[in-house]
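Topology and contacts: notes
Chain by chain, the residues run as shown.
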Amino acid sequence: MNQPAPRDRLPTGVQTFREIRQEGLCYVDKTHFACQLFRQGKHYFLSRPRRFGKSLFVSTLKELFEGHRDLFHGLAAYDQWDWSVRRPVVLLDFSEVNAALPGDLDEDVSEQLDGLERTHGIERHYNTARGRLRHLIRTLHERSGRRAVFLVDEYDKPIVDALRKPDLATENRDYLRSLYSVVKGCDASLRFSFLTGVTKFSKVSLFSGANSLIDLTLEAPFSSLCGYTERDLDTVFAPELEGLDREEIRAWYNGYSWSGAERIYNPYDVLLTLRTRVCKAWWFQTGTPKWLIELVAAADLPWHRLEGMLASEELLSTLDVDEVVPHALLFQSGCLTIRGLEVVEGRLRYRLGFPNREVREGLNRALLKRLTRWPQFEVQRLDDEAAWRRILRAGDMQRMRKRFKALLVSIPKDWHVKSEMGKYEGYYKSVLLLFVTLFGTKMGCFCQTG
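Residues numbered from 1 in each chain as written. Predicted model: local features only at pLDDT ≥ 70, side-chain atom pairs only at ≥ 80, totals over all residues. Heavy atoms only, no water.

**Some points on the pattern of salt bridges**
Put simply, the rule is: By definition here, a salt bridge exists when the distance from a side-chain nitrogen of Lys or Arg to a carboxyl oxygen of Asp or Glu is within 4 Å. Secondary structure is summarised from DSSP: a helix means a run of H or I of at least four residues, a strand means a run of E of at least two, and numbering begins at the N terminus for each. Using a 1.4 Å probe on the protein chains alone, a residue whose accessible area is under 20% of its type maximum counts as buried, one over 50% counts as exposed, and one in between counts as partly exposed.
Tallied over the entire structure, the rule returns 21 salt bridges. The residue glutamate 63 makes a salt bridge to arginine 18 at a minimum N-O spacing of 3.0 Å. On the criterion of sequence distance, the pair formed by glutamate 63 in helix 3 (residues 54-65) and arginine 18 in helix 1 (residues 17-22) is long-range, its members being 45 residues apart. By relative accessible area, arginine 18 is classed as partly exposed at 25%. Between lysine 62 and glutamate 66 there is a salt bridge, and its shortest N-O distance comes to 3.1 Å. One network of salt bridges, in which partners are shared, links Glu230, Asp234, Arg246, Glu247 and Arg250.

**Let's talk about the pairing of strand 3 (residues 148-153)**
For the record, the criterion: Whether two strands pair comes down to DSSP finding at least two bridges between them.
Here strand 3 lies mainly inside the structure; six of its six residues are buried. Here strand 3 shows two buried faces, one formed by Ala148, Phe150 and Val152 and the other by Val149, Leu151 and Asp153. Bridge count between strand 2 (residues 89-93) and strand 3: five bridges; the pairing is parallel. Note that in strand 3 the partner of valine 90 across the bridge is phenylalanine 150.

**Section: the sheet that holds strand 2**
Operational definition: Contact criterion: two residues are considered in contact whenever any of their non-hydrogen atoms come within 4.5 Å of each other. Between N-to-C directions, angles span 0 to 180 degrees; the directions come from axes that are lines fitted to C-alpha atoms, helices contributing only their stretch in contact.
Overall, parallel pairing links the five strands, which are arranged 2-3-4-1-5 in an open sheet. Two strands close off the open sheet at either side, each with one partner strand: strand 2 and strand 5 (214-215). Summarising the sheet, strand 1 (residues 43-47) and strand 4 (residues 190-197) pair through five bridges and their orientation is parallel. Bridge pairing in strand 4 links serine 47 to glycine 197. Packing against the sheet, helix 5 (residues 129-144) makes contact with strand 2, strand 3 and strand 4, and its axis sits at approximately 155° to strand 2.

**Some thoughts on the environment of threonine 337**
Just so we agree on the cut-off: Polar contacts, as counted here, are pairs of nitrogen or oxygen atoms within 3.5 Å of one another; within protein the pair requires one atom able to donate a hydrogen and one able to accept it, and residues that are adjacent in sequence qualify only if both atoms are side-chain atoms.
Within the secondary structure layout, threonine 337 lies in strand 9 (residues 337-344). Placed 81 residues apart in sequence, threonine 337 and tyrosine 256 show a C-alpha to C-alpha distance of 5.7 Å. The contacts of threonine 337, once residues within four sequence positions are left out, are Gly255, Tyr256, Ser257, Phe331, Arg351, Leu352, Gly353, Phe354 and Pro355. A polar contact is formed between the side chain of threonine 337 and the backbone nitrogen of serine 257, at a distance of 2.7 Å.

**Points about a nonpolar patch on the surface**
To keep it simple, the criterion reads: Two joining distances apply to patches: 9 Å for like charges and 5 Å for nonpolar side chains (Val, Leu, Ile, Met, Phe, Trp, Tyr), and every residue must have over 30% relative accessible area and no salt bridge. Each accessible area is a Shrake-Rupley estimate made with a 1.4 Å probe; only the visible protein chains count as cover when residues are assessed.
Taken together, Leu341, Val343 and Leu348 make up a surface patch of nonpolar side chains, about 280 Å² in accessible area. Structurally, leucine 348 can be placed in strand 10 (residues 347-353). Taking relative accessible area as the criterion, leucine 348 reaches 41% and is therefore assigned partly exposed.

**What to know about the layout of surface pockets**
We apply this condition: In this analysis, the protein atoms alone were mapped onto a 1 Å grid. Cavities are point sets where a 1.4 Å probe fits without being able to get out; pockets are open sets with protein on both sides within 12 Å along at least five of seven lines; lining residues have an atom within 4 Å of a point. Grid points are joined across faces, edges and corners, and a volume is the space filled by probe spheres set on the points. For this classification, the nonpolar set comprises Ala, Val, Leu, Ile, Met, Phe, Trp, Tyr, Cys and Pro, the charged set comprises Asp, Glu, Lys and Arg, and every other residue, Gly included, is treated as polar.
Roughly 780 Å³ of volume is contained in the largest pocket. Lining the largest pocket are 34 residues, and of these Gln15, Arg51, Phe52, Gly53 and Ser55 lie nearest its centre. In the lining of the largest pocket, the residues fall into 17 nonpolar, ten polar and seven charged. Of the pockets and cavities examined, the second largest pocket occupies roughly 260 Å³. If you trace the second largest pocket, you find 16 residues lining it, with Val58, Ser59, Lys62, Leu91 and Asp93 closest to the centre.

**A word on the nonpolar core**
This is how the line gets drawn: Buried Ala, Val, Leu, Ile, Met, Phe, Trp, Tyr and Cys residues form a nonpolar core when they are joined through side-chain atoms within 4.5 Å.
One finds Phe94 and Phe194 to be the most contacted residues of the largest nonpolar core, which totals 120 residues. With six residues, helix 3 is the largest single contributor of residues to this core. Dropping the residues within four chain positions of it, phenylalanine 194 is found in contact with Leu37, Tyr44, Leu46, Phe57, Val58, Leu61, Phe150, Leu151, Val152 and Leu216.

**Regarding empty space enclosed by the protein**
A probe matching the size of a water molecule, rolled over the atoms, marks out where space remains unfilled. The full count for this structure, using the stated rule, is four cavities of 30 Å³ or more. Roughly 90 Å³ of internal volume is contained in the largest cavity. Together, Pro49, Arg50, Val160, Val198, Thr199, Gly287, Pro289, Trp291, Leu292, Leu329 and Ser333 line the largest cavity. Here the residues of the lining of the largest cavity sort into seven nonpolar, three polar and one charged.

**Things to note about helix 5**
The line we're drawing: The length a helix should cover is 1.5 Å for every residue beyond the first.
Compared with the 22 Å implied by 1.5 Å per residue over 16 residues, the 22 Å span of helix 5 between its first and last C-alpha is a close match. Along helix 5, the residues classified as buried are Ala129, Gly131, Arg132, Leu133, His135, Leu136, Ile137, Thr139 and Leu140. Packed against the buried residues of helix 5 are strand 2, helix 4 (104-120), strand 3, helix 7 (166-180), helix 8 (182-185) and strand 4.

Listed below in structure tokens is the structure:
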């Protein structure tokens, strides 16, 4: 059961379950999910945006399977878990991998396997990472008499980080496809596997075959496996909320949903806001890579239609090195979320939208900086956001036209993107729509007064 913790015990930046529990830091109990997963199945995958608590849950699973009962006192798993059974755990962590050059990934994996072999006292018999991992899992099973547990944190990071280099991204993808195939080949020696990532790459061969991973990403019962719920804030973090505007926190950070119903807070944002007592774009500034903005800006998306668009599950999960679908990338990276579920012509569809104020403003602001010189240039104080908001909301078309004209004139000619008609209206329209969205004015109202 979650209990309120004293002030100054916020686990800001801490992703290790053992440290949180031993230091008495605030912890939102997710162990009931672990117990449920263990009872119901065997191989799992979960996609969530960066800085959303995936690493902490993987760390929790490791301590649970290794049988460290003392760390779970007062948590749901304490009375639900069979502590008489301890299982060997193989954990691969790609969250800090820098695979920017060919060969980097293999070197990092080899170093991790070196550490695992030393920890378990297993002699190296193979040269390939795949062979070493397979030997490690099977040997642990034979020695302990217990089937092993295989955990992977941020399985896709070496691919995602290389998306701007297609050849390297393909090389890393194929390397990981071979490595992760061990999950299927060692099925008899594994009792449980759990892999996390931001994206679901369709060609990594994790999601096909007789014993493919169960994708928990859109399953309603596990929608809050990562992140904080309203109840979590009202119980675990109740003391820290005193003196803060609850509605402001909700508008800034709540709104993520993978079920269409339950709304989730970004934990990274919540912890930093409780620590600093200030609401700002904490996650967007650190969790959104520059290459994502570049890719999205070049995709010529209809920005005014992203809020409320309908998507199929296939669209949301269609992603690979040679098929990067912008809508899927926006959803999987946390820039879009599920607002609701609808059945259209007998098929389930997902109604998408921006999760909250942080993402809506952050994405629009980042794209404006990419498409224009705003807010660097200064023409009639165009960097004054308050003035923009007043003019737009008042419908002062004369001043609005003057400001927009100065903005558009400032854009270098070589930044223009031609539309199919051979003109530049699409580029300018995107800029105007981004400004209107950023400053909270509905486009319909703008068009009517214009």
